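Examining the three-dimensional arrangement
Residues per chain are reported as follows:
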Amino acid sequence: MFFDDTIAAISTPIGKAAISVIRISGPDAAAVAGQVFKPLKCPLENLPPRYAAYGKFYAGGKIIDDGIAVLYRAPSSFTGQDMVELSCHGGMLVTQCILEQLLLAGARLAEPGEFTRRAYCLGKLDLSQAEAIALTLEAKNRAALAVGAAQREGILSGKIKDIFDEITDIVASVYVYFDFPDEDLSDVGPDELKSRLLDISDKLHALLASYTTGRAVTEGIPTTICGKPNSGKSSLLNRLLGTERAIVTDIAGTTRDTIEETAVVGNVTLRLCDTAGIRETDDAVEKIGISRAISAAQSAELILAVFDGSVPLDGDDEKILTLVSEWSAAGKKIIAVINKADLPQKLTEGDVTSRADFDAALRVSAALGDGFDKLADIISSLYIDGSLDFGSDAILTGARQYSAVEGALHRIESAIAALEEGMTADIVGLDLEEALKKLGELDGRSVSEEVVDSIFRNFCVGK
Ligand code: GDP
């Protein structure tokens, strides 16, 4: 890709706002923008780079707005190309008119993520840094912001590069050792090679382990709430959503549309699946919703099983407890939430936890909000590795990154096994080279065009 055309797009949300920002990138950025925006003091092309210049926007020879232009010269810009950022008043029509003028002046409308894609292709950032921009845009809690910033600063890329360099070094040693075993050309024998590979495998294991935390703070944990009618599921849900701003997203399911709501509990994002049914419980014919609980739990990883602490266990609770045993055997994490702690209690924690395998149990009052800090602590302890520093440790945040590291680890382990079995250099070397290829997917050194497409497709226009 040569990127020899000039693109433009509105980079701020469409709607009424104080200002809108329109970005232009490409070899003709200054010339194109200069036809639409006239700074007071000199033509736009003659502006000193990175200087905010006041001026007027024109359409058909008439002033339609006034605002600010900043000119950036390649390679010192976000994309690495010549760029102009125009700030106009944030009306929908005025912003749209200015964009139209830019298109008439020779720019092409940018595709989603095309500015960031240009930055990536022109070496301004690597793939994990591009993904970190998306992390920052999507961040729902402070930890996600810190991880996004660290990843943009290159902490993850740096860690991957160190491991990459170490493997490259080992590949060289492998060939030297195996090709000239008697000539003592290197100080590395199989034991030394193995210990260096074990060290790399430890580092990759640690990176993989960081994904549990990274995923919990960014993408979030698919979660569901179950329990018999009137146990307080919907009160719990409202409490979880009410503590922070609720974000409701429609998700096109395979068989029907489900609603997913996002709750931020401490630094963990809970993606509450299938909560629509919970809210409808009062009107629903099938009030217990056991079958609904089963289907919701299928896609969930964390289950909040709600029990009414003010009444003894009954047959409906028993059904839930039987399901809990199945879910826990299937590897799901389950927290027993004994609700209505404000009423006289007829249920002990032991009554519930002795009947099935829970990861934790606690009492709350969804009505009063008691116990929710403890619930947040419990959820954190299940998903957040407290020894990780969000701002300075390399943390994996996406399935794509995880699979690249997992693939590399697999090859490193295979190289260790090959060494132990006394295999030849080409076999060990091949494994290591494949491990390098896998790691290269993470920062984009070795990645297919389809993968790059899929990453940038998820960006919005103007980003
Ligand atoms: P669901 O059917 O499981 O969704 O239960 P709801 O959330 O609709 O609650 C059922 C009833 O229990 C409602 O009257 C709630 O006001 C009440 N309730 C829920 N949580 C509490 C609680 O913590 N304490 C008390 N005293 N009542 C609660």
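Computed from a predicted model, the values in this text were never measured in an experiment. Counting restarts for each chain, with residues numbered from 1 along the sequence as it is written. The predicted nature of this model means local features are confined to residues of pLDDT at least 70 and side-chain atom pairs, given and counted, to a pLDDT of 80 or more, with totals for whole chains, interfaces and linings taken over all residues. Only hydrogens and water are set aside; all other atoms, that is, all heavy atoms of the structure, feed into the side-chain values.

**Brief notes about the overall build of the protein chain**
The cut-off we apply is this: Secondary structure elements are defined from DSSP: runs of H or I of at least 4 residues count as helices, runs of E of at least 2 residues count as strands, and each element is numbered from the N terminus. Buried, partly exposed and exposed residues are distinguished by accessible area as a fraction of the type maximum, computed with a 1.4 Å probe on protein chains only: under 20%, between the cut-offs, and over 50%, respectively. Contacts are assigned to residue pairs that have any heavy atoms within 4.5 Å of one another. Computed with the Shrake-Rupley method and a 1.4 Å probe, the accessible areas treat only the protein chains shown as cover for residues.
What the protein chain contains, in helices and strands, is 16 helices and 14 strands. A burial count over the protein chain gives 48% of its 463 residues as buried. Considering only intrachain contacts with a sequence separation of at least 6, the fraction spanning at least 24 residues in the protein chain is 68%. A total of about 21300 Å² of accessible surface is found on the protein chain, and carbon and sulfur atoms cover 52% of it.

**Concerning a nonpolar patch on the surface**
Here is the rule: Only residues above 30% relative accessible area that lack a salt bridge enter a patch, with like-charged residues linked at up to 9 Å and the nonpolar side chains Val, Leu, Ile, Met, Phe, Trp and Tyr linked at up to 5 Å. The salt bridge criterion pairs a side-chain nitrogen of Lys or Arg with a carboxyl oxygen of Asp or Glu, the two atoms within 4 Å.
A grouping of Leu40, Tyr54 and Ile68 is seen on the molecular surface, where their side chains present a nonpolar patch of about 270 Å² in accessible area. You can see Ile68 is positioned in strand β5 (residues 62-72). Its relative accessible area of 31% is what places Ile68 among the partly exposed residues.

**Notes on the layout of surface pockets**
The following threshold applies: A cavity here means a set of points on a 1 Å grid, drawn over the protein atoms and nothing else, where a 1.4 Å probe fits but cannot get out; a pocket is an open set with protein on both sides within 12 Å along at least five of seven lines, and a residue lines either one if it has an atom within 4 Å of a point. Grid points are joined across faces, edges and corners, and a volume is the space filled by probe spheres set on the points. By the convention adopted, Pro, Cys, Tyr, Trp, Phe, Met, Ile, Leu, Val and Ala count as nonpolar, Lys, Arg, Asp and Glu as charged, and the other residues, Gly among them, as polar. The domain limits used here are those given by an automatic or database domain assignment.
A volume near 770 Å³ is recorded for the largest pocket. Element by element, the count of residues in the lining of the largest pocket is highest for helix α4 (residues 127-138), at five residues. Across the lining of the largest pocket, the residue classes tally to nine nonpolar, eight polar and eight charged. Looking at which domains feed residues into the lining of the largest pocket, each of domain 2 (133-214 + 397-443) and domain 3 (221-383) gives three or more.

**Here's the deal with the site of the ligand**
Note the threshold: One heavy atom suffices: a residue is near a molecule or strand as soon as one of its heavy atoms comes within 4 Å of it. As used in this structure description, the phrase polar contact means that two N or O atoms lie within 3.5 Å; if the pair is within protein, one of them must be able to donate a hydrogen and the other to accept it, and residues adjacent in sequence are counted only when both atoms belong to side chains.
In the region of the ligand, 16 residues are neighbours, and Asn230, Lys233, Ser234, Ser235 and Asp342 sit closest. Within the contact set of the ligand, a nitrogen atom lies 3.0 Å away from a side-chain nitrogen or oxygen of Asn339. Asp342 places a side-chain nitrogen or oxygen 2.8 Å from a nitrogen atom of the ligand. With the chains in place, 74% of the 570 Å² that the ligand exposes on its own is no longer accessible. Here the shell around the ligand takes three residues from helix α8 (residues 233-243), the largest share from any one element. Residues that form the shell around the ligand fall into these classes: four nonpolar, eight polar and four charged.

**Notes on the packing of helix α3 (residues 114-121) against helix α16 (residues 449-457)**
Stated precisely, the cut-off is as follows: Each axis is a line fitted through C-alpha atoms, taken for helices only over the stretch in contact, and angles between the N-to-C directions span 0 to 180 degrees. The labels follow the angle: roughly parallel below 35 degrees, roughly antiparallel above 145, roughly perpendicular from 65 to 115, and oblique for the rest. Handedness of each helix crossing follows the sense of rotation of the near helix against the far helix: counterclockwise by less than a right angle gives left-handed, clockwise gives right-handed.
Where α3 meets α16, the closest approach of the two axes is 10 Å, and the angle between their N-to-C directions is 140°. Viewed along their axes, α3 and α16 adopt a mutual orientation that is oblique. The handedness of the crossing between α3 and α16 comes out as right-handed. Facing α3, whose interface residues are Thr116, Arg117 and Tyr120, α16 presents Glu449, Val452, Asp453 and Phe456. When its residues are assigned to classes, the contact of α3 with α16 shows three nonpolar, one polar and three charged.

**Let's talk about empty space enclosed by the protein**
Taken as a whole and assessed by the stated rule, the structure comprises three cavities of 30 Å³ or more. The wall of the second largest cavity is formed by Ile10, Thr12, Pro13, Ile14, Gly15, Ser20, Gly91, Met92, Thr95 and Gln96. A total of three residues in the lining of the second largest cavity trace back to one element, the largest contributor, which is helix α2 (residues 92-104). In terms of residue class, the lining of the second largest cavity is built from four nonpolar, six polar and no charged.

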